[in-house]
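A look at the structure
The lines below spell out each chain.
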Amino acid sequence: MENKKFEKREEKKLYEDKIISIGRVTKVTKGGRNFRFSVTVAVGDRKGKVGIGTGKSNEIPEAVTKAIKAAEKNMIMVDLVDNRTISHEVIGTCGAAKVLIRPAKEGRGIIAGGPVRIILELAGVKDVVSKSLGSNTKINTSRATMDALLKQKSVSHLAMLRDKKEEEIKG
């Protein structure tokens, strides 16, 4: 038999990930209580790509890996103005949760809390103001933030829709 050397391949992380919430779910059966974990994770490259996903398992690390895989499948592109903010004010909704996101002046920073801040940081947004309206459920708030980012329209997209040049729209 030949002596084969196995090279250990280093996994190069394409995206950064952060855990939004970990929940313990209980299923009561005839034999007792069964505990599982539900994890919500946000992933992004800080250059305009971001996604969220959920995973469930008996173990937390296994649930986290499932959630990361789900989040990588649900990635969206965010158009950033000057690589720091969004193009216009928008409201995203999911269930009873509403998230208002509006652009801010340079140097203002991310003024947001909880899941909204995590998602905006991983998307690469640097200056933005946000307000959470309605329900404060972490999962729905994060989905509402993703909805708001999906509703964003870039200046070039608006120019194409209106058959005008970008300069005409900018004013």
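The structure we're discussing is the one just above.
One structure accompanies this document, and this report is about it.

What counts and how
Residues numbered from 1 in each chain as written. Predicted model: local features only at pLDDT ≥ 70, side-chain atom pairs only at ≥ 80, totals over all residues. Heavy atoms only, no water. Helix = DSSP H or I, 4+ residues; strand = E, 2+ residues; numbered from the N terminus. Buried < 20%, exposed > 50% of the residue type's maximum accessible area, 1.4 Å probe, protein only. Contact = heavy atoms within 4.5 Å. Patch = residues over 30% accessible without salt bridge, like charges linked within 9 Å, V, L, I, M, F, W, Y side chains within 5 Å. Areas by Shrake-Rupley, 256 points an atom, 1.4 Å probe, with all protein chains shown as cover. Salt bridge = Lys/Arg side-chain N within 4 Å of Asp/Glu carboxyl O. Lys, Arg positive; Asp, Glu negative; His and termini not counted. Charge placed at Lys NZ, Arg CZ, Asp CG, Glu CD. Core = buried A, V, L, I, M, F, W, Y, C linked by side-chain atoms within 4.5 Å. Expected span 1.5 Å × (residues − 1).

With respect to the helices and strands, the residue I119 is situated in helix α2 (residues 114-123). Judged by relative accessible area, which is 0%, I119 ranks as buried. Distance from I119 to K105, taken between C-alpha atoms, is 19 Å for residues 14 residues apart in sequence. The residues touching I119, leaving out its near neighbours within four places in the chain, are I20, A42, V50, I52, S142, T145, M146 and L149.

With that settled, consider a positive patch on the surface. A contiguous patch of positive charge on the surface is contributed by K27, R36, K56 and K66. Relative to the helices and strands, K27 is located in strand β1 (residues 16-29).

Further remarks concern the nonpolar core. Among the nonpolar cores identified, the biggest contains 25 residues, and A42, V50, I101, I119, L120, V128 and L149 are the most heavily contacted of them. With 6 residues, the top contributor of residues to this core is α2. Those residues within four positions of I101 in sequence are excluded, and the remaining contacts are I86, H88, E89, V90, L120, V128, V129, S130, T145 and A148. Among the nonpolar cores identified, the runner-up in size contains 10 residues, and Y15, A63, V64 and M75 belong to it.

For S57, the location among the structural elements is in strand β3 (residues 49-57). With relative accessibility at 4%, the residue S57 sits in the buried group. Discounting residues that sit within four places of it in the chain, S57 has contacts with R36, F37, E62, A63 and K66.

The end-to-end C-alpha distance of helix α1 (residues 60-73), which contains 14 residues, comes to 20 Å, matching closely the 20 Å that a straight helix rising 1.5 Å per residue would cover. Buried residues belonging to α1 abut β1, β2 (32-44) and β3.

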